[in-house]
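Tertiary structure, described
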Amino acid sequence: MTWASLVHVVVSGLATGSIYALMAIALVIIYNATRTLNFAQGEMLMVSTFVGWTAMQVLQAPLIVALAVAVVAAALLGFVLERVVIRHAISATHFDVLIITLGLSLMLRSAAGVTWTHDEFPFPSFFSNRPLMVGPLRVAPVSLGIIGASLGMMLVLGALFRWTRLGRAMRAVAQNQRAARLMGISVERVYSSSWMIAAVVGAVAGVLIAPVVFLSSKMGLVAINGFTAAVLGGFGSMPGAVVGGMLLGVLENLAPLYLPASIKHSVPFLVMITILIVRPGGVLGRVARRKV
Amino acid sequence: MRRFALATGAVVVVGWPWAAPPYFIFLASLIAVNAIVAIGLNLLSGYTNQLSFGHAGFLAIGAYAAAILTIRAPALPVPAALLLAGLITGAVGLALGVPCLRLEGLYLAMATLAFGFVVVEAILNLDGLTRGNDGLHVPAARLGPWSLATDTARYYLVVAVAALLIAAAVNISRTRTGRALLAVRESEIAAQASGVNLAAYKTLAFVVSAFYTGVAGGLFALVVGFVSPDSFDVFLSVDFVAMIIVGGLGSILGSVIGAAVITTLNDSLAGFQNYRPLIFGAILIMSMLFMPGGIASALRRIPGAGAWPLFTRRDDR
Amino acid sequence: MIRRASLLLLLALIVGALPAAAQQGVTDTEIVIGSSNSFSGPLAFTGEQITKFGVDLYFRVVNDGGGIHGRKIRTVYYDDGYRPQDAVANTKKLVEQDKVFAIIIPQGSPPVVATLEYLEENKVPLLFPYQSSPVTRGKRHIIQGMTLSDRSSKMMIDYLAGQRKIKRFAALYQDDEYGKSFLTAFEKDLARYNLKLVAAESVKRGVTDVSAQIAKLQAAKPEVTFLVLVPGPGAQALKERQKIGWKDTLMVSTGPLTDERYLGLAGDAAEGVEGLSLWPDPLTSDLPGVKLYREHMQRYHPKNEPNRYSIAGYFAAMMFAEGAKRAGRNLTRDSLMAAFDSFKGFETGILPPITIGPDHEAQKQGFWVRVENGRFKQLTDWLKSE
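Residues numbered from 1 in each chain as written. Chains lettered and ligands numbered in written order. Predicted model: local features only at pLDDT ≥ 70, side-chain atom pairs only at ≥ 80, totals over all residues.

Right, let's talk about the sheet that holds strand S7 (residues 197-203) of chain C for a bit. Two orientations exist for strands paired in a sheet by backbone hydrogen bonds: parallel and antiparallel. Residue and element names in this part refer to chain C. As summarised here, the arrangement of the seven strands in space is S7-S6-S8-S9-S10-S11-S12, forming an open sheet in which the pairing is mixed. Taken across any chain shown, the strands that pair with only one partner, and hence form the sheet edges, are S7 and strand S12 (375-378). Mean inter-strand twist for the sheet, computed between neighbouring axes without regard to direction, equals 25°. Relative to strand S8 (residues 224-228), strand S6 (residues 169-174) runs parallel, the two being bridged by five bridges. Bridging from a neighbouring strand, phenylalanine 169 pairs with valine 224 of S8. Across the face of the sheet, helix H8 (residues 231-243) comes into contact with S6, S7, S8 and strand S9 (250-253) while running at roughly 175° to S9. (Pairing = 2+ DSSP bridges. Helix = DSSP H or I, 4+ residues; strand = E, 2+ residues; numbered from the N terminus. Axes fitted to C-alpha atoms, helices over the stretch in contact; angles between N-to-C directions. Contact = placed C-beta atoms within 7 Å.)

What follows covers the interface of chain A and chain C. Listed as interface residues are 31 residues of chain A and, on the opposing side, 31 residues of chain C. Listed by contribution, the elements that provide at least two residues to the side of chain A that touches chain C are helix H1 (3-34), helix H4 (94-116) and helix H10 (238-258) of chain A. Counting residues per element, the side of chain A that touches chain C draws most heavily on H1(A), at six residues. A class-by-class count of the residues in the side of chain A that touches chain C yields 13 nonpolar, twelve polar and six charged. (Nonpolar A, V, L, I, M, F, W, Y, C, P; charged D, E, K, R; others polar.)

Moving on, we get to the environment of Phe343(C). Residue and element names in this part refer to chain C. Residue placement: phenylalanine 343 occurs in the loop between helix H12 (333-341) and strand S11 (367-372). In the structure, phenylalanine 343 is positioned 13 residues away from isoleucine 356 in sequence and 5.5 Å away in space, judged by C-alpha atoms. For phenylalanine 343, the residues in contact, after removing those within four places along its chain, are Ile354, Thr355 and Ile356.

Further remarks concern the environment of Gly47(C). Residue and element names in this part refer to chain C. You can see glycine 47 is positioned in helix H2 (residues 44-64). For the pair glycine 47 and tyrosine 77, spaced 30 residues apart in sequence, the C-alpha to C-alpha distance is 10.0 Å. For glycine 47, the residues in contact, after removing those within four places along its chain, are Asn37, Ser38, Phe39 and Gln107.

Residue and element names in this part refer to chain B. The contact between helix H7 (residues 151-172) and helix H10 (residues 198-224) brings their axes to 10 Å, and the two run at 170°. With respect to H10, the axis of H7 lies roughly antiparallel. Across from Arg154, Val158, Val161 and Leu165 in H7, the residues of H10 making contact are Tyr212, Val215, Leu219, Leu222 and Val223. By residue class, the composition of the contact of H7 with H10 is eight nonpolar, no polar and one charged. (Parallel < 35°, antiparallel > 145°, perpendicular 65-115°, else oblique.)

It is worth spelling out helix H4 (residues 78-97) of chain B at this point. All names here are of chain B. Compared with an ideal rise of 1.5 Å per residue, which puts 20 residues at 28 Å, H4 spans 28 Å between its outermost C-alpha atoms and is within 8% of the ideal. Taken together, the buried positions of H4 are occupied by Val78, Ala81, Leu82, Ala85, Gly86, Ile88, Thr89, Gly90, Val92, Gly93, Leu96 and Gly97. Residues of H4 that are buried sit in contact with helix H3 (55-72), helix H5 (105-125), strand S2 (141-143), strand S3 (146-148), H7 and H10. (Expected span 1.5 Å × (residues − 1). Buried ≥ 20, exposed ≤ 12 C-beta atoms within 10 Å, placed from the backbone.)

Taken together, the contact between chain A and chain B spans 36 residues of the former and 35 residues of the latter. At the level of elements, H4, helix H9 (222-233) and helix H12 (267-278) of chain A are the ones that each hand at least two residues to the side of chain A that touches chain B. If one sorts the elements of the side of chain A that touches chain B by residue count, H4(A) sits on top with 15 residues. Across the side of chain A that touches chain B, the residue classes tally to 24 nonpolar, ten polar and two charged.

Attention shifts here to the pairing of strand S1 (residues 30-37) of chain C. Residues and elements named next belong to chain C. With seven of eight residues buried, S1 lies mostly within the body of the structure. Inspection of the sheet shows S1 paired to strand S2 (residues 72-79) by eight bridges, in the parallel sense. Following the sheet pairing, isoleucine 31 is matched in S2 by isoleucine 73. Handedness of the crossover joining S1 and S2 through H2: right-handed. The sheet contact formed by S1 and strand S3 (residues 102-104) spans two bridges and is parallel. Bridging across to S3, glycine 34 finds its partner in isoleucine 103. (Right-handed = clockwise from strand over helix to strand, strands pointing away.)

All names here are of chain B. In the predicted model, chain B carries a mean pLDDT of 87, and 95% of its residues have values of at least 70. The secondary structure element of chain B with the lowest average pLDDT is helix H8 (residues 176-186), at 81, and the one with the highest is H3, at 96. A low-confidence stretch, residues 306-317 (pLDDT under 50), is modelled with 20 contacts involving residues beyond four sequence positions or located in other chains. (pLDDT = per-residue confidence, 0-100.)

For the rest of this paragraph, the subject is the pairing of strand S10 (residues 274-277) of chain C. Residue and element names in this part refer to chain C. Because side chains alternate across S10, one face comprises the buried residues Glu274 and Leu276, and the other comprises Gly275 and Ser277, equally buried. Relative to S10, S9 is paired through two bridges, and the arrangement is parallel. Its bridge partner being in S10, valine 252 is matched across the sheet by glutamate 274. Tracing the backbone out of S9, into helix H9 (residues 260-266) and back to the parallel element S10 gives a crossover that is right-handed.

All names here are of chain C. Read across the sheet, five strands follow the order S2-S1-S3-S4-S5 without closing on themselves; strand pairing throughout is parallel. The sheet is open, and its two edges are formed by S2 and strand S5 (142-143), each paired on a single side. Bridge count for strand S4 (residues 126-127) against S5 is two bridges, and the pairing is parallel. Within the sheet, the bridge partner assigned to leucine 127 lies in S5 and is isoleucine 143.

To continue, consider the packing of helix H2 (residues 41-59) of chain A against helix H3 (residues 63-85) of chain A. Residues and elements named next belong to chain A. With their axes 7 Å apart at the nearest point, H2 and H3 run at an angle of 140° to one another. Between H2 and H3, the angle is such that the two are oblique. As H2 runs across H3, the sense of the crossing is right-handed. In this structure, H2 contributes Met44, Val47, Ser48, Thr49, Val51, Gly52, Trp53, Ala55, Met56 and Leu59 to the contact, and H3 contributes Leu63, Val65, Ala66, Leu67, Val69, Ala70, Ala73, Ala74, Leu77 and Gly78. Partitioning the contact of H2 with H3 into residue classes produces 16 nonpolar, four polar and no charged. (Left-handed = near helix turned anticlockwise from the far one by under 90°.)

Side chains that are three or four residues apart share a direction in an α-helix, a result of its 3.6 residues per turn. Residues and elements named next belong to chain C. Between its first and last C-alpha, H2 extends 28 Å over 21 residues, near the 30 Å set by a 1.5 Å rise per residue. At aspartate 56, H2 shows its largest bend, some 35°. Counting buried residues along H2, 16 of its 21 residues qualify, which places the element largely inside the surrounding structure. The first or second residue beyond H2 is glycine 66, which carries a positive phi of 105°. (Bend = angle between axes of the 7 residues up to and from the residue.)

Printed below as a string of structure tokens:
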């Protein structure tokens, strides 16, 4: 194993890791607003990517159109799901809502299978798959592209949370809903926006990862890694989600390189259990203390 | 009223193999197996307000333990095999439960989810014992002179074990331990202040939950007749969680109903082929929208249902 | 008590008086067969194609032509989502509730293997299971369809190590029954040439990235790298190879993977890949059976592109129809199995003439292909696996 190929494997892991990070961020956005674990996040990603792809096929349009349509479709889907389903369960327990999002994920995957079949489809990429030579290193533009685009998306989100009214409202709701409401923040609007933003983040992740794992009804399963990433980083924290995602992506790639076949597939899970036991709030998280 | 309901239930359960077509005997066995898992999961979730997404892992341990015992020690009577399956799984539950004491909510959910994956990986790699991906055929178990080779025989075994474990679960809440667990459920901090050893009781809930699921796993192996790593994926754990939430968190009757509903739905929708998950998902959503808190909570609103105090819990909304 | 006993006696008399032809699942006008299959889960696409667009396509043609000895064929399918326990439940339901005559083309090793003992106990014919583990070989009530992994492996190693004198082999395999059964077979067949796999790396179903595995394989410098995967990860592996510019290995796909699906997914990264193909090209082959299959697909499902899954189902249905025809009007499970045993050089127009011997395998062959300009080009005639 040369160190050049090691660099490639790590960069590749960072690329998938940044997709996990985006999924983790989307999950955290929804969790912070409605305290919902959104099991349907992956399927929302999958459906919006399919919609974008279909528009591209029908219109014979370039890839950027697929991205635009996917983003719009995602926002719409997020809005509708929150308004039509989740909002009605607002008085229910978190556990009830969990089952609702589980039901949504089953429905979306099955509906996608009925609409587009369960086949896998090739998806064009913004970035080339052919390697570039940088000194002794081979670099795949597709990996760098995914990392770059994801980081861009994260910066946009960071700016949104920090400097916009909506972002401040979302942070306020995440900290304390009742106080936020008393401050005159429309909590319902934050719910809607959170679901829409999370869906859009998912759509971008979907368009980025579809050329790698291909477009199919099962591509939403990547959300499981998003959960792992979010928890690794400390659920609720955005920087934590990014760190958790990258960590998981690299770990998944390094384990098969250096460890015997018998445990390499368990490594991400063993590491997660270990991290949780050592730092119960995740790498960057704090343990919340409950009051009596 | 309550005695009458119990008696009717007992008659239906005992008479079922004579009344129902053969396939439904098998289906009823599956329901009983899942009901035991649901009760086990509910003992953990209901008392500690924590979900586990790793119970397919416990089920797998119990199933493989019973399968391997039945294959390697054919003379072992089936109650012993099931007890061992439960104890082995309980021991693993202890090993997982102690370090997981510090975890709550989401973090425990993810740790248990990871545990489920690790169990499947371990089964794959211990292939000398488990035959890895090939899976194991489970021969008919023996009970003294009888070989449990028919669906009816297996049904009675499963139902007897389920009845025993349900009775035990109902009675736990009447003991000192049960009252302590109830106190933990209502408020961990208040319970601790009243002298309840929180760590010990939470660990106990974990171990008992694993034990129940392990026994259910043993029965699963006997009823299905085949175990393989593909049988115990994360979606099965999710199904178990759906059973207790749709049934009603913290309710034993709810666990049984939830297991019956989810198992029957899963089975009767199979004929819808590609539409199966679509319909299943829609039903899950509808049931939670119209029956928040699950079926047990909806039943509680029916007059007269108050006669089942031990089966119900407060609403925690 | 006495009344009940006499009722049972009466029932027994009626049953006994019925003609011997009254086999479960066979009436004067109908034959009912079915299977548990994947309509959800990882192999949902394959499941739908082999059943609804394969088996049902051929039976529709048969039924439109008057059926078999005046009986129409009806199929029942249940979804198991690739879970063994659901496959057991579905299979019991098929046999006990739907009273099927036989099981046709259930999919996947774990679900199929889970039902083997039950079907054998009840003497229900298991026809053309769509899986490649050798456990189904030579069983009284099973006719295996897909070429088994050990035969595929033998053909591949004999061709590559024997004819082409290649020495260094590696494998990238799926970490499940499918992958492992090929790995075991490769090791056994290579040993006959005093060779060993120089590297073997596994991937999980639904993997996101295979760069580590490919890097490790590259480091072992194999001349040939076997891909024992399903289309998604197979195409991922090819694209990963392109990504690192690894040129000095020949990638070779196993039979279940050698399919247009992964060519389409990998695009130009698939150029030059070779493989063992179990089926003639469903889109371009001039064989009479394949042409007929395309015609029927065009007539009944014009929107469904021909592929190797639906043709496998179509073939299974054709074999069943031939068996049922030979069994005659008095169709029973025994007469059907006897009819299959009489297959000597049966022409399907899709595969070479079918002879069913004591091993009960309908399909034992494959031929070598290379990808040129996005299609498979046939390089050899049908290879031998005996």
